[in-house]
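The chain contents come next:
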Amino acid sequence: MTFDFDQVYDRHNTGSSKWSRYPADVLPMWVADMDFAAPPVIIQALQKRLEHPMVGYSVPQQDLREAIVADLWAKYAWDVQPQELIFLPGVESGVNMALKALVQPQQNVVVQTPNYPPLRHAPGHWGLNKVELEFVAQVDGTYTTPLDTLRESLSGGGALLLSNPHNPVGKVFPRDELQAVADICLQQDAWIISDEIHAELCFDGRVHTPTASLSPAIAKRTVTLMSASKAFNIAGLKTSYMIIQDTALRERVNHARCGMVDSVNPLGMEATRVAYSEGGPWLNALKTYLQSNRDFLVQAVKTRLPGVTMTIPQGTYLAWLDCSALELDNPQQFFLHQAKVGLSPGLDFGDHAQQFVRLNFGCPRALLEEGLARMERALLAR
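Note that the structure is a prediction, hence the values are computed from the model and not measured.

**With respect to the overall build of the chain**
- Across its full length, the chain holds 13 helices and 15 strands.
- Radius of gyration (C-alpha) of the chain: 20 Å, near the 21 Å computed for a compact globule of 382 residues.
- Its C-alpha atoms put the chain at 60 × 55 × 40 Å along the principal axes.
- The buried share of the chain, reckoned over its 382 residues, is 57%.
- Taking the intrachain contacts of the chain between residues at least 6 apart in sequence as the baseline, contacts between residues at least 24 apart amount to 75%.

**Observations regarding the packing of aromatic side chains**
- Considering all chains together, one arrives at 14 aromatic pairs under this definition.
- Ring centres of F135 and F173 lie 6.3 Å apart, and the angle between their planes is 50°; this geometry places the pair in the tilted category. Here the residue F135 occupies a position in the loop between β4 (129-134) and β5 (136-137), and F173 occupies one in the loop between β7 (159-163) and α7 (175-187), the gap between them amounting to 38 residues. Residues F135 and F173 agree in their burial class; the two are buried.
- Here F334 and F335 contribute two aromatic rings whose centre-to-centre distance is 5.2 Å and whose plane-to-plane angle is 75°, an arrangement assigned as edge-to-face. In terms of burial, F334 and F335 fall into one category: buried.
- Grouped by ring-pair contacts, the aromatic residues F3, F5, F36, F87, F232, Y241, Y276, W282 and Y289 constitute a single cluster.
- The ring of W191 has R221 lying over it, and the distance from NZ or CZ to the ring centre is 3.8 Å.
- One residue, R382, lies across the ring of F334, its end atom 5.9 Å from the ring centre.

**Concerning the packing of helix α4 (residues 91-102) against helix α5 (residues 117-125)**
- Where α4 contacts α5, the two axes come as close as 10 Å, and the packing angle between them is 35°. Pair α4 / α5 crosses with right-handed handedness. On α5, the residues that touch E92, V95, N96 and L99 of α4 are P118, L119, A122, P123 and H125.
- Looking at the contact of α4 with α5 residue by residue, the classes come out as six nonpolar, two polar and one charged.

**Some points on the pairing of strand β8 (residues 191-195)**
- Most of β8 is tucked away: five of the five residues are buried.
- Side-chain alternation along β8 places W191, I193 and D195 on one buried face and I192 and S194 on a second face that is also buried.
- One ladder, built from five bridges, connects β7 with β8; its direction is parallel. Residue pairing for β8: L161 is matched across the bridge by I193.
- Running through α7, the crossover from β7 to the neighbouring parallel element β8 is right-handed.
- Of the pairings in the sheet, the one linking β8 to strand β9 (residues 222-226) comprises four bridges and is parallel in character.

**Let's talk about the sheet that holds β9**
- Strand order across the open sheet formed by seven strands is β2-β10-β9-β8-β7-β3-β4, with mixed pairing between neighbours. For this open sheet the edge positions go to β2 (85-88) and β4, each flanked by a neighbour on one side alone. Neighbour to neighbour, the strand axes of the sheet diverge by 20° on average, direction disregarded.
- Here α5 sits on the sheet in contact with β3 (108-113), β4, β7 and β8, set at roughly 165° to β3.
- Each of β2, β8, β9 and β10 (240-243) touches helix α9 (residues 247-254); the most contacted strand, β9, lies at about 60° to it.

**Observations regarding helix α2 (residues 40-49)**
- Of all the residues in α2, the buried ones are I42, A45 and L46. Seen along its axis, α2 keeps its buried residues to an arc of 100°; they face one direction. Counted as exposed and oriented over 90 degrees from the buried face of α2: Q44, Q47 and K48.

**A word on the sheet that holds strand β11 (residues 309-310)**
- Within the open sheet, the four strands sit side by side as β11-β12-β15-β14. Their pairing is antiparallel. Each end of this open sheet is capped by a strand with a single partner; those strands are β11 and β14 (344-345).
- Here two bridges tie β11 to strand β12 (residues 318-322), and the two strands are oriented antiparallel to one another. Looking across to β12, one finds that T309 is bridged to D322.

**Focus on the pattern of salt bridges**
- Inspection of the entire model under this criterion finds 19 salt bridges.
- Ionic pairing is found between R11 and D33, a salt bridge with its closest N-O pair at 3.0 Å. With a gap of 22 residues between them, R11 in the segment before α1 (17-20) and D33 in the loop between β1 (27-28) and α2 connect regions that are remote in the sequence.
- In this structure, the salt-bridge partner of D71 is K75, at a minimum N-O distance of 3.0 Å. Of this pair, D71 and K75 are both found in helix α3 (residues 62-76), four residues apart, which corresponds to roughly one turn of the helix.
- Note on D71: relative accessible area 9%, which makes it buried.
- Judged by relative accessible area, K75 falls into the partly exposed class, the value being 28%.

**Considerations on the environment of P114**
- With respect to the secondary-structure elements, P114 resides in the loop between β3 and α5.
- Taking the C-alpha atoms as reference points, P114 and A353, 239 residues apart in sequence, are found 7.1 Å from one another.
- Dropping the residues within four chain positions of it, P114 is found in contact with F135, H166, N167, P168, V169, W320 and F349.

The rules behind each value
Residues numbered from 1 in each chain as written. Predicted model: local features only at pLDDT ≥ 70, side-chain atom pairs only at ≥ 80, totals over all residues. Heavy atoms only, no water. Helix = DSSP H or I, 4+ residues; strand = E, 2+ residues; numbered from the N terminus. Rg over C-alpha atoms; globule rule 2.2 N^0.38 Å. Buried < 20%, exposed > 50% of the residue type's maximum accessible area, 1.4 Å probe, protein only. Contact = heavy atoms within 4.5 Å. Phe/Tyr/Trp six-rings, centres within 6.5 Å; stacked < 30°, edge-to-face > 60°. Lys NZ or Arg CZ within 6 Å of the ring centre and 35° of its normal. Axes fitted to C-alpha atoms, helices over the stretch in contact; angles between N-to-C directions. Left-handed = near helix turned anticlockwise from the far one by under 90°. Nonpolar A, V, L, I, M, F, W, Y, C, P; charged D, E, K, R; others polar. Pairing = 2+ DSSP bridges. Right-handed = clockwise from strand over helix to strand, strands pointing away. Arc of directions from axis to C-beta. Salt bridge = Lys/Arg side-chain N within 4 Å of Asp/Glu carboxyl O.

Next comes the structure, spelled out in C-alpha cells:
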C-alpha cells in the first residue's frame, strides 16, 4: 500500500492555526502540525460515523480502550488495562490537572529546557515553584540530563515534567538515562508527569520507552500523557488520554478537572480508535518519509545555511536550529521578514535560547525545499 506524502494542499482559508498566523506570502513552519492529509482510513471512518446524524456528548467505548491497550502492548510491550485510561481534550490540560492534584506550593516542578512552552508555563498556572534544568550539550550533538542537579532540584518531592521524545531537541531518551531519571524521582518522592505525545515518531530504528513501563514502582508515581494527534496528524480533533496505573493516583488526578477540562470530541475518539487499530501501514510510511525529510534538512543546513547548525533529531518532526554564529538580534524575526518563513522563536522554549529557532519538517518535500531556499537566499543577501 502506498501513500502520497508529496501532495501539497492549500490550507489558507480553512481556519488552520498554522496557516492563519502570518500573511499569505509567509511559509509557516512553526507549530507542530504536519502538512499531510490525515490517513485515508481515518477520513473514511469519520465519513461513516457522520452517516449517523447525532454528535452529542460522548463517552469512550470499550473498543477504543481496547485498541489503545493493544497498541501499547504491540509497540512497547507495556501492559496497560482499559480502565487505566482517562480521556481528555488535550495533553496540556492533563499536565495541569496532574500538577494541581499532586504538587504542594512549597515543592519544585522541574522542567528540562529548552522545552515545549505549555510545559514551561504550566507550574505558573498554580503558583508552583518552577526550576528550569538545562540539558547538557555533548560534543556529538546530543543532550543529556545533569542527574546530580536533577536530584538536588527535586529535594523535598515535587514533580518532573518530562518530554519524551523531546520537543524541541528531538531527543529520544535511551532506556538507561530514563531509568536513572526515574530512579531519582523515586528516591526524592517526586512525581513524574510524562508527555509522550510523539512516542510513535522515532527514527533510525529507535523504539520509544514509556517511563511508566520501567517498573511497577515507577508506574505508581507516573502520569503518562499520549495521543494519536501528532503521529496521525489529527490534532484538531482534540482527543488525548492519560495512563495512570495506580488506582488511588488515577482517582486523585481525575478529580482535579476544576470545571475546566470537559469531555472529548466523539469524532476524535473514533479517529483515535481507527488510528490505533488500522493506521499502522500509513504510520510506517509516514516515518520513512519524515526520516528522509530529516536527512534532507540536515544536509541542507550543512551545505546551504552558513552560520546555522542543528542537532540531528532522533524523533518528532521538529528541528532545533542554532543560529548563534549569525550574530542576529532575533533569528526568528530575521527569517520571518527577510525570508518570509515563519519559525518558532527560541525564547518560547527557554530563557537562554534566543539564538535558536524551531522548524517543522513534517511537510511535503516541495514545501521543505521552498522554506530552505528562502532561508538560503536571505542569508546570502545579508
